[in-house]
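Tertiary structure, described
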Amino acid sequence: MSLVLTEQSHARDGVTFVRAKGELRAALAVARREGRSIGLVPTMGYLHEGHLSLLRAARAECDLVVMSLFVNPTQFGPDEDLDRYPRDERRDVELAAEAGVDLIYAPPVEEVYPDGFATTVAVEGLTEVLCGDPARRGPEHFRGVATVVAKLLGSVQPDVAYFGRKDAQQVAVIRRMVRDLDIPVRIEALPIVREPDGLAMSSRNAYLSDAERARATALSRALGVVERVAGEGSLSAALAAGRHELEQAGIEPEYLEARDAETLEPLSELGPRPILVAVAAQVGPARLIDNVELPADGTKTRARVALSAHRPQKQEEA
Ligand code: AMP
(Lines give C-alpha, C1' and ligand atoms only; values in the text may rest on other atoms or scores of the structure.)
Protein backbone atom coordinates (compact mmCIF):
# COMPACT_ATOMS: atom_id res chain seq x y z
CA MET A 1 0.00 0.00 0.00
CA SER A 2 1.66 3.28 -1.02
CA LEU A 3 1.20 6.04 1.46
CA VAL A 4 2.82 9.36 2.29
CA LEU A 5 3.36 9.28 6.02
CA THR A 6 3.24 12.44 8.10
CA GLU A 7 5.20 12.83 11.29
CA GLN A 8 2.45 11.22 13.32
CA SER A 9 1.49 8.51 10.88
CA HIS A 10 3.30 5.22 10.59
CA ALA A 11 3.06 1.66 9.39
CA ARG A 12 3.95 -1.02 11.96
CA ASP A 13 3.08 -4.66 12.58
CA GLY A 14 1.16 -4.68 9.32
CA VAL A 15 -1.05 -1.82 10.49
CA THR A 16 -1.04 1.56 8.81
CA PHE A 17 -1.85 4.38 11.20
CA VAL A 18 -3.09 7.68 9.82
CA ARG A 19 -4.37 10.90 11.34
CA ALA A 20 -5.34 12.84 8.24
CA LYS A 21 -8.32 12.33 5.93
CA GLY A 22 -6.09 12.78 2.88
CA GLU A 23 -3.86 9.91 3.98
CA LEU A 24 -6.88 7.77 4.73
CA ARG A 25 -8.24 8.33 1.23
CA ALA A 26 -4.83 7.67 -0.35
CA ALA A 27 -4.50 4.40 1.55
CA LEU A 28 -8.00 3.32 0.60
CA ALA A 29 -7.76 4.35 -3.05
CA VAL A 30 -5.40 1.46 -3.80
CA ALA A 31 -7.67 -1.11 -2.18
CA ARG A 32 -10.69 0.33 -3.94
CA ARG A 33 -8.96 0.28 -7.34
CA GLU A 34 -8.08 -3.35 -6.75
CA GLY A 35 -11.74 -4.10 -6.01
CA ARG A 36 -11.04 -5.20 -2.43
CA SER A 37 -13.94 -5.12 0.02
CA ILE A 38 -13.61 -2.64 2.89
CA GLY A 39 -14.97 -3.10 6.42
CA LEU A 40 -15.17 -0.23 8.92
CA VAL A 41 -15.34 -0.53 12.71
CA PRO A 42 -15.91 2.87 14.34
CA THR A 43 -14.66 3.07 17.95
CA MET A 44 -13.81 5.58 20.64
CA GLY A 45 -10.88 3.38 21.68
CA TYR A 46 -9.90 1.86 25.03
CA LEU A 47 -10.59 -1.42 23.32
CA HIS A 48 -12.13 -4.43 25.04
CA GLU A 49 -13.52 -7.75 23.85
CA GLY A 50 -16.70 -6.05 22.59
CA HIS A 51 -14.66 -3.97 20.13
CA LEU A 52 -12.47 -6.95 19.28
CA SER A 53 -15.51 -9.04 18.36
CA LEU A 54 -16.41 -6.40 15.75
CA LEU A 55 -12.84 -6.28 14.44
CA ARG A 56 -12.69 -10.06 14.14
CA ALA A 57 -16.00 -10.16 12.28
CA ALA A 58 -14.73 -7.49 9.89
CA ARG A 59 -11.48 -9.43 9.45
CA ALA A 60 -13.38 -12.60 8.62
CA GLU A 61 -15.61 -10.92 6.04
CA CYS A 62 -13.65 -8.10 4.40
CA ASP A 63 -10.40 -7.78 2.45
CA LEU A 64 -9.39 -4.55 4.17
CA VAL A 65 -10.30 -3.71 7.76
CA VAL A 66 -10.36 -0.07 8.87
CA MET A 67 -10.80 0.92 12.51
CA SER A 68 -11.49 4.49 13.46
CA LEU A 69 -10.31 5.69 16.84
CA PHE A 70 -11.93 8.96 17.79
CA VAL A 71 -13.48 10.16 21.04
CA ASN A 72 -16.15 12.26 19.40
CA PRO A 73 -16.71 15.42 21.45
CA THR A 74 -20.06 16.29 19.84
CA GLN A 75 -21.77 13.25 21.34
CA PHE A 76 -20.88 14.27 24.90
CA GLY A 77 -23.06 16.72 26.81
CA PRO A 78 -21.47 19.62 28.72
CA ASP A 79 -21.73 17.72 32.04
CA GLU A 80 -20.61 14.38 30.65
CA ASP A 81 -17.30 12.52 30.82
CA LEU A 82 -15.47 13.71 27.69
CA ASP A 83 -12.40 14.86 29.59
CA ARG A 84 -12.02 11.74 31.69
CA TYR A 85 -13.10 9.25 29.00
CA PRO A 86 -10.41 6.51 29.18
CA ARG A 87 -7.79 6.61 26.45
CA ASP A 88 -4.79 4.39 25.67
CA GLU A 89 -3.85 4.75 22.02
CA ARG A 90 -0.69 2.66 22.17
CA ARG A 91 -2.52 -0.34 23.63
CA ASP A 92 -5.40 0.11 21.16
CA VAL A 93 -2.96 -0.02 18.23
CA GLU A 94 -1.42 -3.23 19.58
CA LEU A 95 -4.81 -4.90 20.13
CA ALA A 96 -6.04 -3.79 16.72
CA ALA A 97 -2.90 -5.21 15.10
CA GLU A 98 -3.49 -8.53 16.86
CA ALA A 99 -7.08 -8.56 15.63
CA GLY A 100 -5.84 -8.12 12.06
CA VAL A 101 -6.77 -4.48 11.43
CA ASP A 102 -5.09 -3.08 8.32
CA LEU A 103 -5.64 0.63 8.76
CA ILE A 104 -6.30 2.80 11.81
CA TYR A 105 -7.74 6.27 11.34
CA ALA A 106 -7.19 8.32 14.50
CA PRO A 107 -7.88 11.93 13.60
CA PRO A 108 -7.44 14.91 15.90
CA VAL A 109 -10.63 16.87 16.64
CA GLU A 110 -9.71 19.65 14.13
CA GLU A 111 -9.48 17.10 11.33
CA VAL A 112 -13.07 16.02 11.94
CA TYR A 113 -14.52 19.41 12.90
CA PRO A 114 -12.50 22.11 11.12
CA ASP A 115 -13.29 25.81 11.59
CA GLY A 116 -16.63 26.66 10.06
CA PHE A 117 -18.06 23.16 10.45
CA ALA A 118 -21.83 23.70 10.22
CA THR A 119 -23.63 20.50 9.24
CA THR A 120 -25.30 17.95 11.49
CA VAL A 121 -27.39 14.86 10.84
CA ALA A 122 -30.60 14.72 12.89
CA VAL A 123 -32.59 11.48 12.81
CA GLU A 124 -35.98 12.59 14.13
CA GLY A 125 -38.10 10.57 16.54
CA LEU A 126 -35.78 7.66 17.25
CA THR A 127 -33.33 10.01 18.93
CA GLU A 128 -35.77 11.59 21.38
CA VAL A 129 -36.51 8.52 23.49
CA LEU A 130 -34.47 6.28 25.84
CA CYS A 131 -30.98 7.85 26.03
CA GLY A 132 -32.14 10.63 23.70
CA ASP A 133 -34.89 11.83 26.04
CA PRO A 134 -34.21 15.55 26.62
CA ALA A 135 -34.07 14.88 30.38
CA ARG A 136 -31.25 12.34 29.80
CA ARG A 137 -28.44 12.57 27.21
CA GLY A 138 -30.86 14.27 24.82
CA PRO A 139 -31.21 14.09 21.03
CA GLU A 140 -27.99 16.11 20.72
CA HIS A 141 -26.10 12.97 21.73
CA PHE A 142 -27.43 11.07 18.72
CA ARG A 143 -26.94 14.08 16.46
CA GLY A 144 -23.27 13.87 17.42
CA VAL A 145 -23.22 10.12 16.77
CA ALA A 146 -25.10 10.27 13.45
CA THR A 147 -22.96 13.14 12.18
CA VAL A 148 -19.63 11.51 12.99
CA VAL A 149 -20.75 8.13 11.63
CA ALA A 150 -21.98 9.80 8.42
CA LYS A 151 -18.58 11.48 8.10
CA LEU A 152 -16.72 8.21 8.70
CA LEU A 153 -18.89 6.41 6.16
CA GLY A 154 -18.17 9.23 3.71
CA SER A 155 -14.42 9.19 4.32
CA VAL A 156 -13.95 5.42 4.28
CA GLN A 157 -16.82 4.40 1.97
CA PRO A 158 -16.85 0.89 3.40
CA ASP A 159 -18.86 -1.99 1.99
CA VAL A 160 -19.78 -3.02 5.54
CA ALA A 161 -19.76 -1.10 8.85
CA TYR A 162 -19.84 -3.00 12.14
CA PHE A 163 -21.59 -1.92 15.32
CA GLY A 164 -22.39 -3.56 18.66
CA ARG A 165 -25.89 -4.23 19.92
CA LYS A 166 -24.68 -2.96 23.27
CA ASP A 167 -25.70 0.42 21.84
CA ALA A 168 -29.01 -0.78 20.41
CA GLN A 169 -30.51 2.68 20.01
CA GLN A 170 -27.39 3.82 18.18
CA VAL A 171 -27.79 0.88 15.77
CA ALA A 172 -31.45 1.81 15.14
CA VAL A 173 -30.46 5.43 14.48
CA ILE A 174 -27.61 4.50 12.14
CA ARG A 175 -29.73 2.02 10.20
CA ARG A 176 -32.38 4.70 9.72
CA MET A 177 -29.83 7.33 8.70
CA VAL A 178 -28.25 5.00 6.14
CA ARG A 179 -31.66 4.13 4.74
CA ASP A 180 -32.94 7.73 4.67
CA LEU A 181 -29.78 9.21 3.15
CA ASP A 182 -29.20 6.36 0.67
CA ILE A 183 -25.73 5.68 2.01
CA PRO A 184 -24.49 2.57 0.20
CA VAL A 185 -23.22 0.46 3.09
CA ARG A 186 -24.34 -2.70 4.85
CA ILE A 187 -24.75 -2.24 8.60
CA GLU A 188 -23.87 -5.28 10.70
CA ALA A 189 -25.01 -5.30 14.33
CA LEU A 190 -23.21 -7.87 16.46
CA PRO A 191 -24.15 -9.38 19.83
CA ILE A 192 -23.25 -7.87 23.18
CA VAL A 193 -20.03 -9.26 24.67
CA ARG A 194 -20.26 -9.74 28.43
CA GLU A 195 -17.92 -10.30 31.35
CA PRO A 196 -18.16 -13.77 32.93
CA ASP A 197 -20.60 -12.39 35.53
CA GLY A 198 -22.89 -10.94 32.87
CA LEU A 199 -21.82 -7.27 32.95
CA ALA A 200 -21.84 -5.89 29.41
CA MET A 201 -18.31 -4.86 28.47
CA SER A 202 -17.82 -1.12 28.25
CA SER A 203 -14.87 1.26 28.28
CA ARG A 204 -16.74 3.05 31.09
CA ASN A 205 -16.55 -0.04 33.35
CA ALA A 206 -13.03 1.26 34.09
CA TYR A 207 -14.66 3.96 36.26
CA LEU A 208 -16.14 1.39 38.68
CA SER A 209 -14.73 0.48 42.10
CA ASP A 210 -14.91 -3.20 43.09
CA ALA A 211 -18.13 -2.63 45.04
CA GLU A 212 -19.73 -0.64 42.19
CA ARG A 213 -18.56 -3.26 39.71
CA ALA A 214 -20.37 -5.93 41.76
CA ARG A 215 -23.52 -3.80 41.99
CA ALA A 216 -23.45 -3.15 38.23
CA THR A 217 -24.12 -6.83 37.54
CA ALA A 218 -27.74 -6.11 38.55
CA LEU A 219 -28.34 -4.58 35.09
CA SER A 220 -27.76 -7.81 33.17
CA ARG A 221 -29.47 -9.79 35.93
CA ALA A 222 -32.53 -7.57 35.63
CA LEU A 223 -32.61 -8.09 31.87
CA GLY A 224 -32.31 -11.84 32.43
CA VAL A 225 -35.31 -11.66 34.76
CA VAL A 226 -37.27 -9.62 32.18
CA GLU A 227 -36.51 -12.25 29.54
CA ARG A 228 -37.54 -15.11 31.77
CA VAL A 229 -40.77 -13.54 33.00
CA ALA A 230 -41.66 -12.32 29.49
CA GLY A 231 -41.44 -15.95 28.46
CA GLU A 232 -44.45 -16.53 30.72
CA GLY A 233 -46.47 -14.10 28.61
CA SER A 234 -46.73 -10.69 30.30
CA LEU A 235 -44.48 -7.79 29.34
CA SER A 236 -45.63 -5.55 32.20
CA ALA A 237 -45.01 -8.32 34.75
CA ALA A 238 -41.58 -8.85 33.16
CA LEU A 239 -40.64 -5.17 33.46
CA ALA A 240 -41.91 -5.03 37.04
CA ALA A 241 -39.77 -8.05 37.92
CA GLY A 242 -36.76 -6.44 36.25
CA ARG A 243 -37.28 -3.22 38.22
CA HIS A 244 -37.51 -5.22 41.41
CA GLU A 245 -34.17 -6.88 40.63
CA LEU A 246 -32.56 -3.45 40.21
CA GLU A 247 -34.15 -2.17 43.41
CA GLN A 248 -32.73 -5.10 45.33
CA ALA A 249 -29.27 -3.94 44.28
CA GLY A 250 -30.07 -0.34 45.27
CA ILE A 251 -30.15 0.79 41.64
CA GLU A 252 -32.69 3.34 40.52
CA PRO A 253 -32.64 3.08 36.71
CA GLU A 254 -32.87 6.11 34.45
CA TYR A 255 -35.11 3.84 32.46
CA LEU A 256 -36.04 0.22 31.99
CA GLU A 257 -38.32 0.19 28.97
CA ALA A 258 -39.69 -2.08 26.28
CA ARG A 259 -39.85 -0.69 22.77
CA ASP A 260 -40.25 -1.89 19.20
CA ALA A 261 -36.70 -2.92 18.28
CA GLU A 262 -36.75 -1.06 14.96
CA THR A 263 -39.00 1.98 15.44
CA LEU A 264 -38.40 2.38 19.20
CA GLU A 265 -42.14 3.00 19.68
CA PRO A 266 -43.18 2.21 23.26
CA LEU A 267 -44.87 -1.17 23.83
CA SER A 268 -47.00 -2.46 26.65
CA GLU A 269 -47.58 -5.99 25.40
CA LEU A 270 -45.69 -8.77 23.73
CA GLY A 271 -46.52 -8.91 20.06
CA PRO A 272 -45.61 -9.88 16.55
CA ARG A 273 -42.40 -7.84 16.30
CA PRO A 274 -39.04 -8.09 18.12
CA ILE A 275 -38.91 -6.04 21.32
CA LEU A 276 -35.93 -4.14 22.65
CA VAL A 277 -35.79 -4.06 26.44
CA ALA A 278 -33.23 -1.42 27.35
CA VAL A 279 -31.89 -0.21 30.67
CA ALA A 280 -29.71 2.72 31.71
CA ALA A 281 -28.51 3.46 35.22
CA GLN A 282 -25.91 5.49 37.00
CA VAL A 283 -23.72 3.20 39.10
CA GLY A 284 -21.26 5.31 41.07
CA PRO A 285 -19.36 7.44 38.54
CA ALA A 286 -20.44 5.41 35.49
CA ARG A 287 -23.59 5.74 33.45
CA LEU A 288 -24.16 2.19 32.19
CA ILE A 289 -26.49 0.84 29.52
CA ASP A 290 -27.51 -2.67 28.59
CA ASN A 291 -30.31 -4.34 26.68
CA VAL A 292 -31.82 -7.56 25.46
CA GLU A 293 -34.00 -8.27 22.47
CA LEU A 294 -37.09 -10.39 22.95
CA PRO A 295 -38.06 -12.31 19.85
CA ALA A 296 -41.26 -11.65 17.97
CA ASP A 297 -43.42 -14.24 19.67
CA GLY A 298 -42.22 -13.20 23.13
CA THR A 299 -42.07 -16.70 24.50
CA LYS A 300 -38.74 -18.01 23.29
CA THR A 301 -35.56 -16.02 23.72
CA ARG A 302 -32.78 -15.76 21.19
CA ALA A 303 -29.85 -15.65 23.54
CA ARG A 304 -30.44 -15.64 27.25
CA VAL A 305 -28.52 -12.98 29.15
CA ALA A 306 -27.95 -15.21 32.15
CA LEU A 307 -26.88 -18.30 30.24
CA SER A 308 -24.69 -16.44 27.79
CA ALA A 309 -22.67 -14.70 30.48
CA HIS A 310 -19.56 -16.82 29.94
CA ARG A 311 -19.17 -16.26 26.25
CA PRO A 312 -20.19 -13.86 23.50
CA GLN A 313 -23.79 -14.40 22.47
CA LYS A 314 -24.26 -16.39 19.30
CA GLN A 315 -23.96 -14.40 16.13
CA GLU A 316 -26.41 -16.19 13.91
CA GLU A 317 -29.01 -13.44 14.10
CA ALA A 318 -26.55 -10.61 13.37
P1 AMP B 1 -17.41 2.76 21.61
O2 AMP B 1 -15.93 2.70 21.55
O3 AMP B 1 -17.96 2.66 22.98
O4 AMP B 1 -17.99 3.91 20.80
O5 AMP B 1 -17.93 1.45 20.87
C6 AMP B 1 -17.53 1.16 19.56
C7 AMP B 1 -18.38 0.03 19.04
O8 AMP B 1 -18.21 -1.11 19.87
C9 AMP B 1 -19.88 0.37 19.07
O10 AMP B 1 -20.48 -0.13 17.88
C11 AMP B 1 -20.35 -0.36 20.29
O12 AMP B 1 -21.72 -0.73 20.22
C13 AMP B 1 -19.47 -1.59 20.27
N14 AMP B 1 -19.42 -2.18 21.60
C15 AMP B 1 -19.13 -1.56 22.77
N16 AMP B 1 -19.26 -2.41 23.81
C17 AMP B 1 -19.65 -3.60 23.29
C18 AMP B 1 -19.97 -4.88 23.84
N19 AMP B 1 -19.90 -5.11 25.15
N20 AMP B 1 -20.35 -5.85 22.99
C21 AMP B 1 -20.43 -5.62 21.65
N22 AMP B 1 -20.15 -4.45 21.08
C23 AMP B 1 -19.76 -3.45 21.87
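Scroll up to find the structure this text is about.
Residues numbered from 1 in each chain as written. Predicted model: local features only at pLDDT ≥ 70, side-chain atom pairs only at ≥ 80, totals over all residues. Heavy atoms only, no water.

Now for the overall build of the chain. Across its full length, the chain carries 8 helices and 10 strands. Split into buried and exposed, the 318 residues of the chain put 54% on the buried side. Sequence-distant contacts, at least 24 apart, represent 71% of the contacts inside the chain between residues at least 6 apart. Within the structure as shown, the chain displays about 14400 Å² of accessible surface, and the carbon and sulfur contribution to it stands at 49%. (Helix = DSSP H or I, 4+ residues; strand = E, 2+ residues; numbered from the N terminus. Buried < 20%, exposed > 50% of the residue type's maximum accessible area, 1.4 Å probe, protein only. Contact = heavy atoms within 4.5 Å. Areas by Shrake-Rupley, 256 points an atom, 1.4 Å probe, with all protein chains shown as cover.)

This next bit is on the packing of helix α1 (residues 21-33) against helix α5 (residues 139-156). Each pair of packed helices gets described by two things: the angle between the helix axes and the distance between those axes. Running from amino to carboxyl end, α1 crosses α5 at an angle of 50°, the nearest separation of the two axes being 9 Å. One finds that α1 runs oblique with respect to α5. Across from Lys21, Leu24, Arg25, Leu28 and Arg32 in α1, the residues of α5 making contact are Lys151, Ser155 and Val156. (Axes fitted to C-alpha atoms, helices over the stretch in contact; angles between N-to-C directions. Parallel < 35°, antiparallel > 145°, perpendicular 65-115°, else oblique.)

The next point concerns the sheet that holds strand β9 (residues 275-283). Hydrogen bonds between backbone atoms are what pair the strands of a sheet, whose relative direction is either parallel or antiparallel. Pairing is antiparallel across the open sheet formed by 3 strands, whose spatial order is β8-β9-β10. Strands at the two margins of the open sheet, each flanked by one partner only, are β8 (255-260) and β10 (286-294). Geometrically, the sheet is characterised by an average inter-axis angle of 20° between neighbouring strands, direction not taken into account. Pairing geometry for β8 and β9, over 6 bridges, is antiparallel. When the bridges of β9 are listed, leucine 256 appears paired with valine 279. Each of β8, β9 and β10 is contacted by helix α8 (residues 235-248), which is oriented at about 155° to β8, the strand it contacts most. (Pairing = 2+ DSSP bridges.)

Around the ligand there are 17 residues in total, and Met44, His51, Asp167, Val193 and Met201 lie nearest to it. In this structure, a nitrogen atom belonging to the ligand sits 2.8 Å away from a main-chain N or O atom of methionine 201. With the chains in place, 92% of the 480 Å² that the ligand exposes on its own is no longer accessible. Those elements that provide at least two residues to the shell around the ligand are β3 (38-43), α2 (49-61) and β6 (160-164). Of all the elements, α2 adds the most residues to the shell around the ligand, at 3 residues. Within the shell around the ligand, the residues separate by chemical class into 9 nonpolar, 6 polar and 2 charged. (Near = heavy atom within 4 Å. Polar contact = N/O pair within 3.5 Å; in protein donor to acceptor, adjacent residues only side chain to side chain. Nonpolar A, V, L, I, M, F, W, Y, C, P; charged D, E, K, R; others polar.)

Another aspect to go through is unusual backbone geometry. Most peptide bonds are trans, and most residues other than glycine sit at a negative phi. Of note, the phi angle at glutamine 157 is positive, near 50°, even though the residue is not glycine. The residue glutamine 157 is located in the loop between α5 and β6 in this model. Residue leucine 264 is not a glycine yet carries a positive backbone phi of 65°. Locating leucine 264 in the fold gives a position in the loop between β8 and β9. Classification of leucine 264 as buried rests on a relative accessible area of 2%.

Moving on, we come to the pairing of strand β4 (residues 64-69). Of all the 6 residues making up β4, 6 are buried; the element is thus mostly covered by neighbouring parts of the structure. In β4, alternate side chains face the same way, and those of Leu64, Val66 and Ser68 on one face and Val65, Met67 and Leu69 on the other are all buried. In terms of handedness, the path from β3 via α2 over to β4 forms a crossover that is right-handed. Where β4 lies against strand β5 (residues 103-105), 3 bridges are found, and the strand directions are parallel. Within β5, the residue paired with valine 66 across the bridge is leucine 103. Between β4 and its parallel partner β5, the chain crosses via helix α3 (residues 89-98), and the hand of that crossover is right-handed. (Right-handed = clockwise from strand over helix to strand, strands pointing away.)

Attention shifts here to the packing of helix α7 (residues 210-230) against α8. One way to put it is that α7 packs onto α8 with a least axis distance of 8 Å and a crossing angle of 155°. For the element pair α7 / α8, the angle class is roughly antiparallel. Relative to α8, α7 is oriented so that their crossing is right-handed. Seen from α7, the contacting residues are Ala218, Leu219, Arg221, Ala222, Val225, Val226, Val229 and Ala230; seen from α8, they are Ala237, Ala238, Leu239, Ala241, Gly242, Glu245 and Leu246. Among the residues forming the contact of α7 with α8, the class breakdown is 12 nonpolar, 1 polar and 2 charged. (Left-handed = near helix turned anticlockwise from the far one by under 90°.)

This part covers the nonpolar core. Counting 48 residues, the largest nonpolar core has Leu24, Leu28, Val66, Val149, Leu153, Met177 and Val178 as its most contacted members. Looking at which element gives the most residues to this core, the answer is α5, with 9 residues. Apart from residues lying up to four places away in sequence, leucine 24 is in contact with Val18, Val66, Leu103, Tyr105, Ser155 and Val156. Ranked by size, the runner-up nonpolar core spans 34 residues in total, among them Ala222, Leu223, Val225 and Ala249. (Core = buried A, V, L, I, M, F, W, Y, C linked by side-chain atoms within 4.5 Å.)

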